[in-house]
Amino acid sequence: MELEEFTLLGIRAAVDGDGQVYAEASGPLGRLLEEMVEYYSRSLNKQKVLAQREGGNVYTCYQPPVPSRAGFKVACNKLIETVTGRHYPSTATISITKACQCDCIHCSAAEFMRSGRRTVTREEMFSLIDQAQKLGVNNMVFTGGEPLLHPHIDEYIRHVDYEEARPMLFTNGLGLTDERLEKLREAGLYSMMVSLDSVDPKQHDEWRRVPGCWQKAVDGAQHAREAGLLVGFSTYADPQKVRRGELEEMLQLTRECKLHELTIFDTVPTGRFLHLDKSRLLSEEDKEYIKEFSRRANQAEGLPGVKAQSFVNSADGHGCFAAYFQFYMTAAGDITPCDFTPLSFGNITEEPLRTIWERMTSHEAYRQRCGHCRMQDQEFRARYIDHIAEDTELPFPMYERKESKDRAVVAAG
């Protein structure tokens, strides 16, 4: 039987001479998407352009350029949600190794590394990338441990289909030599965030427990930018940093290094901070300050972009990303709602990603969209987190595990 090929839905887009995105929906079903595409374009045109790549605008290191097929997957995911009521992820954060040169006092992944379980194989990782792209992911974030220590990182980056997604890296910066950066660029790496805990080199090195780590991270980030990559610093905010004005200093350092973006995470009680004293957490006043700080920075000319969790995960932003826009995979293949949430809903060595995603998003804790970070919500923590004993192997299973005799690669469902 010969099948006739035709298009029911299409998006045409371009950047005009003023750098504004123009987009329109076409095809017999185009009317369903027309209003959404227009709204998407208007919202983009209000944002700061950090760079231009592939003939399109880059608004953040966390998303492909617009226009591009991968860049418009967010709008397509929104259409699917509107029609079906189901939502699918745009970001996959993937830990590929337990290994790391640092021993950070605040490591969010440390408790996922205590067991003797093996890490996912090369073939399983390829399968996970393919399944994630089919599910709607357009931002494939490789992390660890330290991802640059993994022998197959270049292959994983190269396996990402540029028609569907862009590969991104979170790194401590210790391995960013010129030779390494050239290999990453050739493999197709799109962007990276280099972790920097403080503007004070001594403080950063003490928290990371590696002498000279600060300088290598800063030098590596600058070399990555010079190699043509989209680069930013990733840091976190606590009450002391807010009140000392260190976020302003970090933004200025990001500008002086000519990087594209600064990411500011909240101090979240997770990993080695799972049972952190509440006095170390941001107050609502602190978060409002950070939200206003990010707004001012993103409206100002000559400054890098700012992605602040206090804003992005708020009701004013997009709400909690966990099990909505994002999922996280541990190095052992466990799927959790995000890299801050120590709750597993399945393992990709045993079940297809789609099966795990649907189980996770149908759970009572994630069935509805949430206007704030769940891991900072005391009611959520009282119900799902606080009962976890300190010596429990994480992530804590939220499903009945299915043992696989041969643990073969699970193909996309």
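The structure this text deals with has already been given above.
Remember, predicted model here, so these are calculated numbers, not experimental data. (Residues numbered from 1 in each chain as written. Predicted model: local features only at pLDDT ≥ 70, side-chain atom pairs only at ≥ 80, totals over all residues. Heavy atoms only, no water.)

1. A short note on the nonpolar core
Selection criterion: Throughout this description, the term nonpolar core refers to a set of buried Ala, Val, Leu, Ile, Met, Phe, Trp, Tyr and Cys residues connected via side-chain atoms within 4.5 Å. Under the scheme applied here, a residue whose accessible area is under 20% of the maximum for its type counts as buried, over 50% as exposed, and between as partly exposed, the area being computed with a 1.4 Å probe on protein chains only. Secondary structure follows DSSP: runs of H or I at least 4 residues long count as helices, runs of E at least 2 residues long count as strands, and numbering of each begins at the N terminus. Residue contacts follow a heavy-atom distance rule, with two residues in contact if any of their heavy atoms lie within 4.5 Å.
Counting 79 residues, the largest nonpolar core has I94, M140, F142, L184, M192, F233 and F327 as its most contacted members. Examining the composition of this core, we find that six residues originate from one element, helix α3 (residues 122-135), more than from any other. Excluding its chain neighbours within four sequence positions, the residues that come into contact with I94 are M125, L128, M140, V141, F142, T143 and M329. Residues V21, L33, Y59 and A75 belong to the second largest nonpolar core, which totals 13 residues.

2. Regarding the sheet that holds strand β5 (residues 91-95)
For the record, the criterion: What makes two strands pair is DSSP finding at least two bridges between them. Orientation is described by axes fitted as lines to C-alpha atoms, over the contacting stretch for helices, and by angles from 0 to 180 degrees between their N-to-C directions.
The mixed open sheet is built from nine strands, whose spatial order is β11-β10-β9-β8-β7-β6-β5-β12-β13. The sheet is open, and its two edges are formed by β11 (305-308) and β13 (335-336), each paired on a single side. Note that strand β12 (residues 326-329) and β13 share two bridges and pair antiparallel. Bridging from a neighbouring strand, M329 pairs with I335 of β13. Helix α7 (residues 213-226) contacts β8 (191-195) and β9 (230-237) of the sheet and is inclined by roughly 150° relative to β9.

3. Let's talk about the pattern of salt bridges
The line we're drawing: Salt bridges are counted wherever a side-chain nitrogen of Lys or Arg sits within 4 Å of a carboxyl oxygen of Asp or Glu.
Enumeration according to the criterion identifies 25 salt bridges in this entry. The salt bridge involving R244 is made with E246; its shortest N-O contact spans 3.3 Å. Classification of R244 by relative accessible area gives exposed; the value is 52%. The salt bridge involving E288 is made with K291; its shortest N-O contact spans 3.1 Å. On the criterion of helical spacing, the pair formed by E288 and K291 is a turn pair, its members being three residues apart in helix α10 (residues 284-299). Of the residues examined, K291 reaches a relative accessible area of 6% and is grouped as buried. Bridged by salt links that share partners, the residues E288, K291, E292, R295 and D316 form one connected network.

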